[in-house]
Amino acid sequence: MHDYQRDFIASAIEADVLSFGSFTLKSGRISPYFFNAGLFHDGRTLGMLGHCYAEALERSGLECDVLFGPAYKGIPLVAATSVALSVEHQRNLPYAYNRKEAKDHGEGGTLVGAPLKGDVVIVDDVITAGTAINEALDIIRGQGARPAGIVVALDREERGKSERSAIEEIKERHGIPVIPIVTLSNVLDYLMQHGNNALQAHAEEIRLYRDRYGVKS
């Protein structure tokens, strides 16, 4: 595990972005953990997020021309990632995002920021059902650009309605890579190596949940 991944998990636990207990998911499953990136909501943690997204993208070797952040959670993420890429990696990439509702005055339309052209990487928090990502892919293709990949905060490594996860389905259906900052396996490793007794107990509960609902390798 890289330093930026450890820093990401530590910050997520500290900010209660990654919390432990008993949570009923939209699927009806009872999960022993919950991840809510919306709780990263101050300057320090937003800067950390931008750094982690930029590191994940750089280490992937994925090239692109534009970054795209789907409304709404993807908007601050794509801006922070663009800043981090410029400051830390001297890679000055333009970015864009969409509005949920079209603006009927001024410049109008649903897109804000740089034109979507060439190869576009989507920056978002997580992929669950994949609906939001499919909408983003349609927007990119509708502008005549090419989706090059997706960067997300967490891969839950969890099956959807089929034996595959939403991330696996996106990869197979659209033929593009999905790059997570961390996976659930990374989280488990961190909890066991750096956690106290309580965190290690949560790790065991998560391991049992993964055994039941995780994707089959």
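Scroll up to find the structure this text is about.
Since this is a predicted model, take the numbers as computed values, not measurements. (Residues numbered from 1 in each chain as written. Predicted model: local features only at pLDDT ≥ 70, side-chain atom pairs only at ≥ 80, totals over all residues. Heavy atoms only, no water.)

Novice: What should I look at first to understand the overall build of the chain in this one?
Specialist: Summing up its helical and strand segments, the chain has 7 helices and 8 strands in all. The C-alpha atoms of the chain give a radius of gyration of 17 Å, which matches the 17 Å a tight globule of 217 residues would have. With the C-alpha coordinates aligned to their principal axes, the bounding extent of the chain is approximately 55 × 40 × 30 Å. Split into buried and exposed, the 217 residues of the chain put 47% on the buried side. Within the chain, contacts between residues separated by at least 24 positions form 71% of all contacts whose residues are at least 6 apart in sequence. When the accessible surface of the chain is summed, it comes to about 10,800 Å², and 49% of that surface belongs to carbon and sulfur atoms. Placing the 23 positive and 29 negative side-chain charges of the chain at their respective mean positions leaves the two points 4 Å apart. (Helix = DSSP H or I, 4+ residues; strand = E, 2+ residues; numbered from the N terminus. Rg over C-alpha atoms; globule rule 2.2 N^0.38 Å. Buried < 20%, exposed > 50% of the residue type's maximum accessible area, 1.4 Å probe, protein only. Contact = heavy atoms within 4.5 Å. Areas by Shrake-Rupley, 256 points an atom, 1.4 Å probe, with all protein chains shown as cover. Lys, Arg positive; Asp, Glu negative; His and termini not counted. Charge placed at Lys NZ, Arg CZ, Asp CG, Glu CD.)

Novice: Help me out: how do you make sense of the packing of helix 1 (residues 3-14) against helix 6 (residues 184-194) in this one?
Specialist: Running from N to C, helix 1 and helix 6 cross one another at 80°; their axes reach a closest spacing of 10 Å. Between helix 1 and helix 6, the crossing angle belongs to the class labelled roughly perpendicular. In this structure, helix 1 contributes Q5, R6, I9, A10 and I13 to the contact, and helix 6 contributes N186, V187, Y190, L191 and H194. Of the residues that constitute the contact of helix 1 with helix 6, the class distribution is 6 nonpolar, 3 polar and 1 charged. (Axes fitted to C-alpha atoms, helices over the stretch in contact; angles between N-to-C directions. Parallel < 35°, antiparallel > 145°, perpendicular 65-115°, else oblique. Nonpolar A, V, L, I, M, F, W, Y, C, P; charged D, E, K, R; others polar.)

Novice: Where do I start with the pattern of salt bridges in this structure?
Specialist: When the charged atoms of two side chains with opposite charge come close together, those side chains can pair. Counted according to the given criterion, the structure contains 11 salt bridges. With a closest N to O distance of 3.7 Å, E163 and R159 form a salt bridge. Among the ionic contacts, a cluster of salt bridges with common partners joins R29, R156 and E158. (Salt bridge = Lys/Arg side-chain N within 4 Å of Asp/Glu carboxyl O.)

Novice: Any chance you could explain helix 6 here in plain terms?
Specialist: In an α-helix, one turn spans 3.6 residues, which is why side chains three or four residues apart end up on the same side. Looking only at helix 6, the buried set comprises L184, N186, V187, L188, Y190 and L191. The elements touched by buried residues of helix 6 are helix 1, strand 1 (18-24), strand 2 (30-35), strand 7 (146-155), strand 8 (178-183) and helix 7 (197-213).

Novice: When you look at the side chain of D155 in this model, what are you seeing that I'm missing?
Specialist: Checked against the element boundaries, D155 lands in strand 7. Put simply, D155 is tucked away with no salt bridge, and the nearest opposite charge, on K171, sits 5.7 Å away. A distance of 2.8 Å separates a polar side-chain atom of D155 from the backbone nitrogen of E157. Those residues within four positions of D155 in sequence are excluded, and the remaining contacts are I167, P180, V182, T183 and L184. (Polar contact = N/O pair within 3.5 Å; in protein donor to acceptor, adjacent residues only side chain to side chain.)

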